Amino acid sequence: MDADGRTAPYDDGALLTIGAFARASRLSPKALRLYDELGLLPPAHVDPHSGYRHYAPAQLERARLVAWLRRLGMPLARIREVCELAPDAAAVAVAAYWAQVEADTAARRDLAAFLVDQLERKNTAMTTPHTPLTMRYAALTDQGLVRPAHQDAAHAGPRLLAVADGYGPDGGPAATAAIDALKDLEDQDLTSADLLGALEEAAHRAHRAAPVANDATGSTAGSTLTALLRSGAQLALLHIGDSRAYVLRDSGLFQITHDHSLVQSLIDEGRLTPEEAASHPQRAQLLRSLDAATEFAPDLQLLEARPGERYLLCTDGLTGVLPAATIQQVLTAADDPDQAVRELIRLAREAGAPDNVGCAVGEVTGG
């Protein structure tokens, strides 16, 4: 310190107290302690008696980088990775992170538009004249060009759309059983109040009937399940696994399910980009499914349908090879659901179809 008690300017070899380093780096002492605990920015020296932390001036560059990356909203685990990279590689990593942020923002913007649309529909439901609705529908599956067995199943009817993607040695029967468990709902006269409960109970029966693990091999079989059940203008959606549901309406194409997969959880945590997820070695690993080894925990929601909307349910054999823009183009241009499912599978095969493909399309019509 100088004669007035102020901290003297440091020279290149001097160590800084945590307070001086905090001021120079624009990081709070509390943040510095946290970054020390995480191994992100450990001090150059810790006094063994007092525990006081001291930092080297050369650490300021890393500290300022950490501060900037935090301002971007980058998770701490990812900041640690960036800080260990050479400058050129770090620049690429930051650019990739920001591209992911922009993609996530666009996805949230689309979701917000979808939710606004849904809420506005609920607000106007009481004042809109009741129009009886029907549904045109079609479903189609394809083994693809690589897989030795066909383990996808799909159903389309006037009230029910469903797809299932089986896995394991008995994945095909598991997927078929999941769809079969729901088919009786086509013939039940359900009110909108009954929809979700009936759909959930039917899926729960399929879950309870899932094969148990083979004691000799440790292998198990299971299935995803994504289903829409209609009563009038009300649609009940049940989803478990990484098959998907989309709706095409005037405001665009919206994905209305969220994948229950390991790679999606890593994307949600900011540890993986959607582009990286496409080639991740564990991209097929599910966190939820119809599997005796997992808890039955589907996502459930009610939607309000309108004439002219088209709903697509599909397995990841379709979404793994076709981008959303192509799916939207097909759903928009097709004359009817049958043409839509045939064109989607044709394009999946044209793209190599490395997996089984299953899809069901329903078009809501008035009268």
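Please read these numbers as outputs of a predicted model, since none were measured by experiment.

**Looking at the overall build of the protein**
Each helix and strand counted, the protein has 12 helices and 14 strands in total. Relative to its full complement of 367 residues, the protein shows a buried share of 45%. Sequence-distant contacts, at least 24 apart, represent 65% of the contacts inside the protein between residues at least 6 apart. With the model as given, the accessible surface of the protein reaches about 18,600 Å², and the carbon-plus-sulfur share is 53%.

**Regarding the environment of Gly270**
Structurally, the position occupied by Gly270 is in the loop between α8 (262-268) and α9 (274-277). Every residue in contact with Gly270, bar those within four places of it in the chain, is listed here: Pro75, Arg78 and Gln100.

**Considerations on the sheet that holds strand β1 (residues 16-17)**
Reading across the sheet, the 3 strands line up as β1-β3-β2 and stay open at both edges, with antiparallel pairing between neighbours. Of all strands in the sheet, those bounded by a partner on one side alone are β1 and β2 (45-46). Inspection of the sheet shows β2 paired to strand β3 (residues 53-55) by 2 bridges, in the antiparallel sense. Residue pairing across strands places His45 opposite His54, the latter belonging to β3.

**What about the confidence of the model for the protein?**
Confidence along the protein averages 86 in pLDDT terms, with 89% of residues attaining 70 or more. Every residue in residues 1-12 is under pLDDT 50, and counting partners more than four places away or in other chains gives 10 contacts.

**Focus on the environment of Asp184**
Mapped onto the elements, Asp184 comes out in the loop between α6 (171-183) and α7 (195-208). Residues Asp184 and Ala202, spaced 18 residues apart in sequence, show a C-alpha to C-alpha distance of 8.8 Å.

**Side note on the pairing of strand β10 (residues 244-249)**
The element β10 is largely enclosed, with a buried count of 6 among its 6 residues. The sheet contact formed by β10 and strand β13 (residues 310-314) spans 5 bridges and is antiparallel. Bridging across to β13, Ala245 finds its partner in Leu313. Two strands pair when backbone bridges link them, and β10 and strand β11 (residues 252-255) are joined in this way by 4 bridges, in the antiparallel orientation. By the bridge assignment for β11, Val247 is matched with Phe254. Hairpin connection between β10 and β11: a loop of 2 residues separates the two successive antiparallel strands.

**Notes on the packing of helix α3 (residues 60-72) against helix α4 (residues 76-83)**
Two packed helices can be described by the angle between their axes and the distance between those axes. Between α3 and α4, whose axes approach to 10 Å, the crossing angle comes to 140 degrees. Our classification of the angle between α3 and α4 gives oblique. Note that α3 runs across α4; the crossing there is right-handed. Along the contact surface, α3 presents Arg62, Leu65, Val66, Leu69 and Arg70, while α4 presents Leu76, Ile79, Val82 and Cys83. The class makeup of the residues in the contact of α3 with α4 is 7 nonpolar, no polar and 2 charged.

What counts, and where the lines are drawn
- Residues numbered from 1 in each chain as written.
- Predicted model: local features only at pLDDT ≥ 70, side-chain atom pairs only at ≥ 80, totals over all residues.
- Heavy atoms only, no water.
- Helix = DSSP H or I, 4+ residues; strand = E, 2+ residues; numbered from the N terminus.
- Buried < 20%, exposed > 50% of the residue type's maximum accessible area, 1.4 Å probe, protein only.
- Contact = heavy atoms within 4.5 Å.
- Areas by Shrake-Rupley, 256 points an atom, 1.4 Å probe, with all protein chains shown as cover.
- Pairing = 2+ DSSP bridges.
- pLDDT = per-residue confidence, 0-100.
- Axes fitted to C-alpha atoms, helices over the stretch in contact; angles between N-to-C directions.
- Parallel < 35°, antiparallel > 145°, perpendicular 65-115°, else oblique.
- Left-handed = near helix turned anticlockwise from the far one by under 90°.
- Nonpolar A, V, L, I, M, F, W, Y, C, P; charged D, E, K, R; others polar.

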